[in-house]
Amino acid sequence: MQAAKDPAVQEHHALAGDRQDLPVIAPGHTLSSITDKITSIVLRRDTPLAWAASLAFASTGLFFLAISIAWLLAKGTGVWGINNEVGWGFAIINFVWWIGIGHAGTLISAILLLLNQQWRTSINRAAEAMTLFAVACAGMFPLLHVGRPWLAFWLFPIPNTMGVWPQFRSPLLWDVFAVSTYATVSALFWFTGLIPDLATLRDQAKHIWAKRAFGMLALGWRGAAKHWERYEVAYLILAGLSTPLVVSVHTVVSFDFAVSIVPGWHATILPPYFVAGAIYSGFAMVLTLMIPLRSVYGLKDFITDRHLNNMAKVMLATGLIVAYGYVMEAFYAWYSGAPYELAMINNRMFGDAWKSYWALILFNVLIPQLLWFRKVRLNPVTLFMISIVVNIGMWLERYVIVVTSLERDFMPSAWADYYPTKWDVMLYVGTVGFFFFAFFLFIRFLPVIAVFEMRTLVPARDPSAKKGVGATTSSNKEGAHP
Amino acid sequence: MHHETPTLYGVLAEFGSADELVEACKRVKAAGYEKVEAYSPLPLPEVGHALGHTTKLSSLIFCGGMTGALTGFGMQTWISVIDYPLNVGGRPFFSWPSFIVITFEMTVLFSALTAVIGMIALNGLPQPYHPLFNSAAFERASRNRFFLCIEAADPRFDLAEAKKVLASTQPLLVEEVPH
């Protein structure tokens, strides 16, 4: 980290061209300017009208969420489009889509930390918040899909009245442990990262209740060297734990499919292909959130073109892995010679749902190839549009995997069509609303950028501190300084 | 002098840069003080080294992780082999490969909980009140300034002497912090 500030190293980086010529932070920032700029978003007394309007708009989604959940609980899962053959439908599509989105946050905060990538610093906080809210949305679907969520504790390792336990050889139970661990660890990681910034907010806040609220949340953090020492150990180990965890979570999600014998699901390519797809869609969502965020809140000094460029590159790379997955799926089907596998891929490409399949190829494979061009990566408008396209494409991918495989499995007598109902759609829209509602609240009440980590990117010096000016030896118990 | 000691927490010095703080830490340690703590708005490993801080948190986390692994594997084995053996597709009761996923998740869960709870507990947090919060200057410790405190609990502590040592490090400010 220190090395990057060395002028010789910077010059070397400038010569390295595209990789390093865009700064991770605009020049001229100091410890105090970083602190003031980021905390002012939280501590300003006037609430921006645009923020209130956005929150109100997102809260209409909450309304849909409440209505669709209430109707579901009153009537049962029959209000959804699922049937005997296609038992998974929207609930599982949306579960996989949301949890995949969450994975980019963990990748940015944990894996890029271990790889010592400085550019993660200004985006990790918001990306982790995104993870948390996305996992909350994801969790709702399996919970509601069980039909009677108040009995969800049947999934916990508790014997029933006849002494039978949940089945530990089932990937569905592995998923319960993987997702709940992931949610817990993501929340711990996020809160741990927030503690020093909450202390900053406590000290910067003028209003007594803001001071008290942040003071309570900051746990009395005071930046002692001994505390930082343990903090750094805990944070680094959390990153080290989250890295295999995030890979395991989407691997286990893919096991839900791959361990079954359904054609189109039963493939060894699924775990790596699911993990890459998760990171792909997650980076798309990070860009969808960050591009407007940085212009609305004037954070272009901190979330620079370098960040957009790098995130676009990660998207391009993971997108290519996903494309490889699509090719391999088709190849396996052909090479296996198994009639059911061949029928499956034939149905996906040329069957009733062919439009979804080719739309996902267009959205996930073809359009993102534009990211090879630096001009496209550095243009926020095109990048934003591509991120939306990938979000849609990755949703379609899960639709194709879940629905087309179940619609046409082994026996024609077990074939059925799946059509989502308005309640399916409303619940999905509801979770999108919930996600943005939570994210808008986060923007207003917590620092969207990790202040203390940003401080490590500038010289650890206060240029305004002049020797002798404030140097008074005081025995005043209230403290001599204003 | 003597009657004041119980009400005094320590003497606090403020610095404008991390380098000055590191320098001051070394000088105060060299003067023989033991109960000394530095405060900064960002993690500074050099300061921890200068003050001789170490932590055993990582060993604690390792123990937490091992507990998680044993709990996860033990729970599944006990349930599937001893408490209610259930024949699923003719697999052996002790079908350990299928227990690996949950064992791993429990390892991560226990380690992460140990890391965060351990960090907070060893740091003595939550601690809503601390004498240093009596200092108005100390609010800058979470913004842009660096602080060093010689605590009155130090066996060698003498108010005049401590002030003199801190003043010799050319701080921006030296002040007494009451309890």
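Reading guide: rules and limits
- Residues numbered from 1 in each chain as written.
- Chains lettered and ligands numbered in written order.
- Predicted model: local features only at pLDDT ≥ 70, side-chain atom pairs only at ≥ 80, totals over all residues.
- Heavy atoms only, no water.
- Helix = DSSP H or I, 4+ residues; strand = E, 2+ residues; numbered from the N terminus.
- Rg over C-alpha atoms; globule rule 2.2 N^0.38 Å.
- Contact = heavy atoms within 4.5 Å.
- Buried < 20%, exposed > 50% of the residue type's maximum accessible area, 1.4 Å probe, protein only.
- Lys, Arg positive; Asp, Glu negative; His and termini not counted.
- Charge placed at Lys NZ, Arg CZ, Asp CG, Glu CD.
- Domains from an automatic or database assignment.
- Buried area = accessible area lost by both parts, 1.4 Å probe.
- Salt bridge = Lys/Arg side-chain N within 4 Å of Asp/Glu carboxyl O.
- Polar contact = N/O pair within 3.5 Å; in protein donor to acceptor, adjacent residues only side chain to side chain.
- Pairing = 2+ DSSP bridges.

Asker: Even after reading the chapter, I still don't get the overall build of chain A, so can you show me in this structure?
Answerer: When helices and strands are counted, chain A shows 16 helices and one strand. Relative to the globule expectation of 23 Å for 482 residues, the C-alpha radius of gyration of chain A, 25 Å, shows essentially globular dimensions. Counting only C-alpha atoms, chain A reaches 90 × 60 × 40 Å along its principal axes. In chain A, the share of contacts with a sequence separation of at least 24, taken over all contacts with a separation of at least 6, comes to 81%.

Asker: Please explain the overall build of chain B as it appears in this structure.
Answerer: The helix and strand tally for chain B stands at five helices and four strands. Each helix (α) and strand (β) of chain B, taken in turn from the N terminus, gives the series β-α-β-α-α-α-β-α-β. In terms of overall dimensions, chain B has C-alpha extents of about 80 × 35 × 30 Å along its principal axes. Of all 179 residues assigned to chain B, the portion counted as buried reaches 55%. Charged side chains of chain B number 12 positive and 17 negative; the gap between the two group centres comes to 3 Å.

Asker: In this structure, what is going on with the domain arrangement of chain B? I would like to understand it.
Answerer: A common way to report how large an interface is uses the accessible area buried once the components associate. For chain B, the assigned domains are domain 1 (2-54 + 128-178) and domain 2 (57-122). The centre of domain 1 of chain B, based on its C-alpha atoms, is set 44 Å off from the matching centre of domain 2 of chain B.

Asker: Can you walk me through the interface of chain A and chain B in this structure?
Answerer: Across the boundary between the two partners, chain A contributes 75 residues, which contact 78 residues of chain B. Of the roughly 6,600 Å² buried at the junction of chain A and chain B (both faces included), carbon and sulfur atoms supply 64%. Counting the surface chain A buries against chain B, the share from its top three residues, Arg169, Arg222 and Arg230 of chain A, is 13%. Taken together, the links from chain A to chain B amount to three salt bridges. A salt bridge links Arg143 of chain B to Asp36 of chain A, with the nearest nitrogen and oxygen atoms 2.5 Å apart. Summed over the shared surface of chain A and chain B, the result is 25 residue pairs in polar contact (both at pLDDT 80 or more). Counting residues per element, the ones that place at least two in the side of chain A that touches chain B are helix 2 (31-43), helix 6 (171-204), helix 8 (225-258), helix 16 (451-455) and strand 1 (473-474) of chain A.

Asker: So what exactly am I meant to see when it comes to the pairing of strand 4 (residues 173-178) of chain B here?
Answerer: Residue and element names in this part refer to chain B. Most of strand 4 sits inside the fold, with six of its six residues counted as buried. Residue alternation in strand 4 divides its side chains into two sets, Leu173, Glu175 and Val177 and Val174, Glu176 and Pro178, and both sets are buried. Bridging between strand 1 (residues 8-15) and strand 4 involves six bridges; their strand directions are antiparallel. By the bridge assignment, Val11 is partnered in strand 4 with Glu176.

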